[in-house]
Amino acid sequence: MKIAVCVSHVPDTATKVKVGVDEKSIDPTGVTYIINPYDEFAVEEALKTKEKFNCEVVVLSVGGENNKETIRKALAMGADTGILLKDDSPRDSFGVAKALAEEIKNQCCDLVFMGKQSVDYDNSIVGQLTAELLDYSCVSIVVDFKLDNNKIIAGREIEGGKEIVETQLPAVITTQKGLNEPRYASLKGIMAAKKKTIEEKAAAPYSSLTEIIKMKKPPAKQPGRIIGTDASAVPELVRLLREEAKVI
Ligand SMILES: Cc1cc2nc3c(=O)[nH]c(=O)nc-3n(C[C@H](O)[C@H](O)[C@H](O)COP(=O)(O)OP(=O)(O)OC[C@H]3O[C@@H](n4cnc5c(N)ncnc54)[C@H](O)[C@@H]3O)c2cc1C
């Protein structure tokens, strides 16, 4: 069995993102990029599965040269090989899924781990699209994962509880916080990752089906208002909450 883990290279969640002058993309100046946080759970689960079944883990990422930093992070955690599916212009989710599906097929991977969501565009759809293109089963938002003799038993987070589902390989699993505790890359892992080569291939050609026509920041928050500082302010506060904020 060979496992693929797909990682997205995203702006650090602590970064204050600015909209670019074209109003269609973000201004990359001063933005630091990290591995998508949900993809760390995907890498960890791929590594745990590798340790149990002694198989190979290949890391895939679609994007520009800088995505190699994120691939290398997964290699430092313990993945075996990395492939950059290069495309320097942003693609929509279907384009990412097409590039991933083609390479997953080339690599003959029958188990694929992805994050449940990429924290840049937040579409939460690449995993499901990739599974559909490959005709694999898909279990999303997974918080428990067990594999035994090609049979998968997975726990999914649902509103107010958990759903347990069973399926077979080949499958795509999208990972949610709580599935595992991603390991830190050891110094040995970081040194080893520097020596691992990241293969570069052109991502399968694609013309986006969707186009970003405008990006805008949410309106600035109104400053707070102090109604009063003692109990006499309560009637006015209640009136404002009822008539202006309409929350009671
Ligand atoms: C500033 C910026 C620059 C970008 N530049 C490029 C670019 O040069 N070329 C390009 O093709 N795209 C580029 N993208 C797009 C980006 O690589 C992905 O397409 C985007 O992050 C997918 O978002 P999504 O919400 O559809 O993913 P979701 O559906 O929310 O992602 C779910 C899961 O799918 C997997 N996944 C998502 N995207 C990728 C990916 N790109 N590679 C591997 N696995 C992935 C991850 O496991 C992720 O957790 C850029 C995006 C941004 C914000």
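You'll find the structure just up there.
Given the structure is predicted, the values throughout are model-derived calculations rather than measurements. (Residues numbered from 1 in each chain as written. Predicted model: local features only at pLDDT ≥ 70, side-chain atom pairs only at ≥ 80, totals over all residues. Heavy atoms only, no water.)

### A closer look at the environment of Glu181
Its location among the elements puts Glu181 in the loop between strand 12 (171-175) and helix 5 (187-195). Classification of Glu181 as exposed rests on a relative accessible area of 69%. In the structure, Glu181 is positioned 137 residues away from Glu44 in sequence and 7.5 Å away in space, judged by C-alpha atoms. (Helix = DSSP H or I, 4+ residues; strand = E, 2+ residues; numbered from the N terminus. Buried < 20%, exposed > 50% of the residue type's maximum accessible area, 1.4 Å probe, protein only.)

### Digging into the site of the ligand
Among the 31 residues in the neighbourhood of the ligand, the closest are listed as Asp39, Asp87, Ser93, Ser118 and Ile125. At a separation of 2.7 Å, an oxygen atom of the ligand approaches a polar backbone atom of Ser118. Out of a free accessible area of 900 Å², the ligand has 92% covered by protein chains. Among the secondary structure elements, those contributing two or more residues to the shell around the ligand are strand 6 (56-63), helix 3 (93-107) and strand 8 (111-115). Looking at the shell around the ligand element by element, the count peaks at 4 residues for strand 6. (Near = heavy atom within 4 Å. Polar contact = N/O pair within 3.5 Å; in protein donor to acceptor, adjacent residues only side chain to side chain. Areas by Shrake-Rupley, 256 points an atom, 1.4 Å probe, with all protein chains shown as cover.)

### A word on the sheet that holds strand 6
Read from one edge of the open sheet, 9 strands run 11-10-9-12-8-1-6-7-13, paired in mixed fashion. The open sheet has two free edges, formed respectively by strand 11 (161-168) and strand 13 (198-202), since each of these has just one partner strand. Adjacent strand axes in the sheet meet at a mean angle of 35 degrees when their direction is disregarded. Relative to strand 10 (residues 151-158), strand 9 (residues 137-148) runs antiparallel, the two being bridged by 6 bridges. Paired with Asp148 across the two strands is Lys151, which belongs to strand 10. Across the sheet, helix 4 (residues 126-134) lies against strand 8, strand 9 and strand 12, angled at about 75 degrees from strand 9, the strand it touches most. (Pairing = 2+ DSSP bridges. Axes fitted to C-alpha atoms, helices over the stretch in contact; angles between N-to-C directions. Contact = heavy atoms within 4.5 Å.)

### Thoughts on the pattern of salt bridges
Taken as a whole and judged by the stated rule, the model has 17 salt bridges. A salt bridge links Lys86 to Asp88, with the shortest nitrogen-to-oxygen separation between them at 3.5 Å. Taking relative accessible area as the criterion, Lys86 reaches 23% and is therefore assigned partly exposed. With a closest N to O distance of 2.8 Å, Glu103 and Lys201 form a salt bridge. Here Glu103, found in helix 3, pairs with Lys201, found in strand 13; they are 98 residues apart in sequence, far enough to count as distant. The exposure class of Glu103 is buried, given its relative accessible area of 3%. Given a relative accessible area of 24%, Lys201 falls into the partly exposed group. Each member of the salt-bridge network shares a partner with another, and the members are Glu44, Glu51 and Arg183. (Salt bridge = Lys/Arg side-chain N within 4 Å of Asp/Glu carboxyl O.)

Purely geometric numbers; function is a separate question.
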